[in-house]
Amino acid sequence: MSAICVSNLKKMYPLYHSRADKLKEAFLGRKRHEDFYALKGVSFSVDRGECVGIIGLNGSGKSTLLKILAGVIRQTEGEIQVEGSVSALLELGAGFHPEYSGMENIYLHAMLMGCSKKETDKKLGRILEFADIGDFIYQPVKSYSSGMFVRLAFAAAVTIDPEILVIDEALSVGDVFFQQKCYQKIRELAGKSTVLIVSHDLHAVTKFCSRILVMDHGLVIYDGEPAKAVAQYYKCKHGSRSSGIQASDTAFGSRFTESFRFPKEDCRSGKMDAVIEKYHYSIDGQVFGEACVQGSEVAVSMLVSSIRSMEHVIIGYQVRDKFGNEIFGETSLTSGVEQYSLECGHNLVRFTFFWPQVREGDYFITLGIGEGMEVLAQTEQCWLNNVIHVSASAGGRVIFGLFNCGMDSFQIDRLSSKERS
């Protein structure tokens, strides 16, 4: 059964070029504004107990959507159905009265959520313990730091056992230790409460959500599994346009092209002055293999077409797990290998790397070409997002985290009774 059902949701804001236009419209009755649609027809549903993430670039409509679901603002068109009480943790300050103390705001929030004073009294100890702000609980919240505020807001939102919990970027304010505490609480809520999380932190949103919505310019452009959602997000982030370059089967002769694969068009992103037309890879000599263990050689070849010469070309790869978390990666610029330029026309680009000892599971490799003299300031020309799938084995070894790091030394010294004292 659906806890949230959204149908053709639209939200329009009037944009005025000046205050004078707003006054003229009010007094003269003539339209002096442009219609800006933050949401352009959004439809989706969320089942009870489901944990769904929402990602997208700034201005894509994520926060507007959550505000409508939380009842903070009303939609212009469309329908929403929300079955259950909604506890919303929106932007810093939303829902709390700045002049009230933290304690007073706890009772105010609980009352708005339908909790009686007696019910709130029972949960107060858990809320105060989770917030952990000491005697500041008796001070007006306008005097709180951003970290203190988010501690109290999150504690009040989650310890009342909400039927629907909506979180919009709020966790990015707290320190790393409090974030871990919040993530643990979200894990506890998973399956019992319906959770919607909006975040730019892909590590966080893919950690809990089995399903992610990607928004772009007021529309939901993808709704599905995390790995593909992250690839779609990166496509929006880096931009995508056609370069007008068509793949040529005869560019290098059949020996280079017969075993190459054409990537799906929707996995490409970047400026596209240079385009990865085809790619080829092998693992320990097995063409298009998937099985990988520590020390496996991954060899990649890419047929690249460029509309101009590029002196400072950067080739790289990135490995993500099935949740979209970035595990490792490298570039030609940072690896210390010989640097090459990219010629106008067709180029064959090849590189190899050795698979490290990582936790067993499914991984996806993104291939990329950039231009520049610094990795963090490069122009991303063409990315093939998550085009290579690898099934990694730990080789029977126990890996306690993402990867292993062996001890450099080990020794035990016996202490005498005098040394022990």
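The numbering scheme is per chain: residues are counted from 1 as the chain's sequence reads. This being a predicted model, a pLDDT of at least 70 is required before a residue's local features are given, and a value of 80 or more before pairs of side-chain atoms are given or counted; all residues contribute to the totals for chains, interfaces and linings. Note that the side-chain values use all heavy atoms of the structure and ignore hydrogens as well as water.

Each helix and strand in the protein chain was counted, giving eleven helices and 19 strands. In terms of overall dimensions, the protein chain has a C-alpha envelope of 90 × 75 × 40 Å along the principal axes. Only protein chains enter the accessibility calculation, which uses a 1.4 Å probe; a residue whose area is less than 20% of its type maximum is buried, one above 50% is exposed, and one in between is partly exposed. Here the protein chain, with 421 residues, has 46% of them falling under the buried criterion. The contact definition used throughout considers only heavy atoms, calling two residues in contact when any of these lie within 4.5 Å. If you take every contact in the protein chain between residues at least 6 apart in sequence, the share linking residues at least 24 apart comes to 71%. Method for areas: the Shrake-Rupley scheme with a 1.4 Å probe, in which residue coverage is limited to the protein chains shown. Of the roughly 22400 Å² of accessible surface on the protein chain, a fraction of 51% belongs to carbon and sulfur atoms. Per the convention used, a helix needs a DSSP run of H or I reaching at least four residues, while a strand needs a run of E reaching at least two, with both numbered from the N terminus.

Checked against the element boundaries, Glu163 lands in the loop between helix H5 (146-158) and strand S6 (164-168). On the basis of relative accessible area, Glu163 is assigned to the partly exposed category, the value being 43%. A C-alpha to C-alpha distance of 6.2 Å links Glu163 and Thr194, two positions 31 residues apart in sequence. Residue contacts for Glu163: discarding those within four places in its chain leaves Gly84, Ser85, Ser193 and Thr194. In protein, a polar contact requires one atom able to donate a hydrogen and another able to accept it; more generally it is a pair of N or O atoms within 3.5 Å, and residues adjacent in sequence count only if both atoms are side-chain atoms. Of note is the side chain of Glu163, whose polar atom sits 2.7 Å from the backbone nitrogen of Ser85.

This paragraph deals with the sheet that holds strand S14 (residues 297-306). Two strands pair under a simple rule: DSSP has to find at least two bridges between them. Read from one edge to the other, the open sheet built from four strands follows the order S12-S11-S14-S17, with strand pairing classed as antiparallel. The outermost strands of the open sheet, each flanked by one partner alone, are strand S12 (286-287) and strand S17 (345-354). Across nine bridges, strand S11 (residues 274-283) lies against S14 in antiparallel orientation. When the sheet's bridge partners are listed, Ala274 is paired in S14 with Ser306.

In this section: the confidence of the model for the protein chain. What pLDDT conveys is the predictor's confidence in a given residue, as a value from 0 to 100. Averaged over every residue, the pLDDT of the protein chain is 85; residues scoring 70 or more account for 92%. Below a pLDDT of 50 lies the segment residues 240-254, which in the model reaches 31 contacts outside its immediate sequence neighbourhood of four places, other chains included.

This brings us to the packing of helix H4 (residues 117-131) against H5. Closest axis-to-axis distance for the H4/H5 pair is 8 Å, and the angle between their directions is 145°. Of the two elements, H4 crosses H5, and the hand of that crossing is right-handed. Note on element contacts: H5 touches H4 through Arg151, Leu152, Phe154, Ala155 and Ala156, opposite Ile127, Phe130 and Ala131. A per-class count over the contact of H4 with H5 returns seven nonpolar, no polar and one charged. Convention adopted: a line fitted to C-alpha atoms gives each axis, helices being fitted over their contacting stretch, and angles between N-to-C directions are expressed from 0 to 180 degrees. By convention, the crossing between two helices is left-handed when the near helix turns anticlockwise from the far helix through less than a right angle, and right-handed when the turn is clockwise. Lys, Arg, Asp and Glu make up the charged group, whereas Ala, Val, Leu, Ile, Met, Phe, Trp, Tyr, Cys and Pro make up the nonpolar group; the residues left over, Gly among them, are polar.

Of the pairings in the sheet, the one linking strand S8 (residues 211-216) to strand S9 (residues 219-224) comprises five bridges and is antiparallel in character. Across the sheet, Ile212 pairs through a bridge with Gly224, a residue of S9. The loop that links S8 with its antiparallel partner S9 comprises two residues; one of these, His217, has a positive phi angle of about 50°.

Take the sheet that holds strand S5 (residues 86-89) next. With mixed pairing, six strands are arranged side by side in an open sheet as S5-S6-S7-S3-S8-S9. The sheet is open, and its two borders are formed by S5 and S9, each paired with just one other strand. Averaged over all adjacent pairs, the angle separating strand axes in this sheet is 15°, with direction ignored. Across five bridges, the pairing between strand S3 (residues 51-56) and S8 is parallel. Across the sheet, residue Gly56 finds its bridge partner in S8, namely Met215. In the packing of helix H2 (residues 62-70) onto the sheet, the strands contacted are S3, S5, S6, strand S7 (194-198) and S8, and the crossing angle to S3 comes to about 140°.

The next thing to look at is the packing of helix H3 (residues 102-112) against H4. Packing of H3 against H4 leaves a shortest axis separation of 10 Å and a crossing angle of 130°. Taken together, the axes of H3 and H4 lie oblique to each other. Pair H3 / H4 crosses with right-handed handedness. Residues Met103, Ile106, Tyr107 and Ala110 of H3 touch H4, and the partners they reach there are Lys117, Thr120, Asp121, Leu124, Ile127 and Leu128. In what follows, roughly perpendicular refers to angles from 65 to 115 degrees, roughly parallel to angles under 35, roughly antiparallel to angles over 145, and oblique to any angle outside these ranges.

Another aspect to go through is the side chain of Glu371. Along the chain, Glu371 turns up in strand S18 (residues 361-371). A polar contact is formed between the side chain of Glu371 and the side chain of Arg308, at a distance of 2.8 Å.

Let us look at the pattern of salt bridges. We define a salt bridge as a contact between a side-chain nitrogen of Lys or Arg and a carboxyl oxygen of Asp or Glu at a distance within 4 Å. Applying the stated rule across the entire model yields twelve salt bridges. Across the pair Lys185 and Glu188 runs a salt bridge, and its minimum N-O distance is 3.6 Å. One end of the pair is Lys185 and the other is Glu188, both in helix H6 (residues 176-189) and three residues apart, which spans about a single turn. Of the charged contacts in the structure, one is a salt bridge between Lys271 and Asp273, with a shortest N-O distance of 3.7 Å. Taken together, the shared-partner salt bridges connect Lys271, Asp273, Arg308 and Glu371 into one network.

Let's shift gears to the packing of aromatic side chains. For Phe, Tyr and Trp, rings pair up if their centres lie within 6.5 Å, where Trp contributes its six-membered ring, and each pair is then called stacked (planes under 30 degrees apart), edge-to-face (over 60) or tilted (otherwise). A complete count under the given rule lists ten aromatic pairs for this structure. Both rings, one in Tyr317 and one in Phe351, keep their centres 6.0 Å apart while their planes meet at 15°; by these two values the pair is stacked. Highlighted residues: Tyr317 in strand S15 (residues 313-321) and Phe351 in strand S17, separated in sequence by 34 residues. Looking at Tyr317, the relative accessible area reads 14%, which means it is buried. Note on Phe351: relative accessible area 16%, which makes it buried. Ring pairing ties together the aromatic residues Tyr317, Phe328, Phe351, Phe353, Trp355 and Tyr363, which thus form one cluster. To sit over a ring, a charge needs its Lys NZ or Arg CZ within 6 Å of the ring centre and within 35 degrees of the ring normal. A cation over a ring is seen here: Arg261 above Phe288, with NZ or CZ 3.9 Å from the ring centre.

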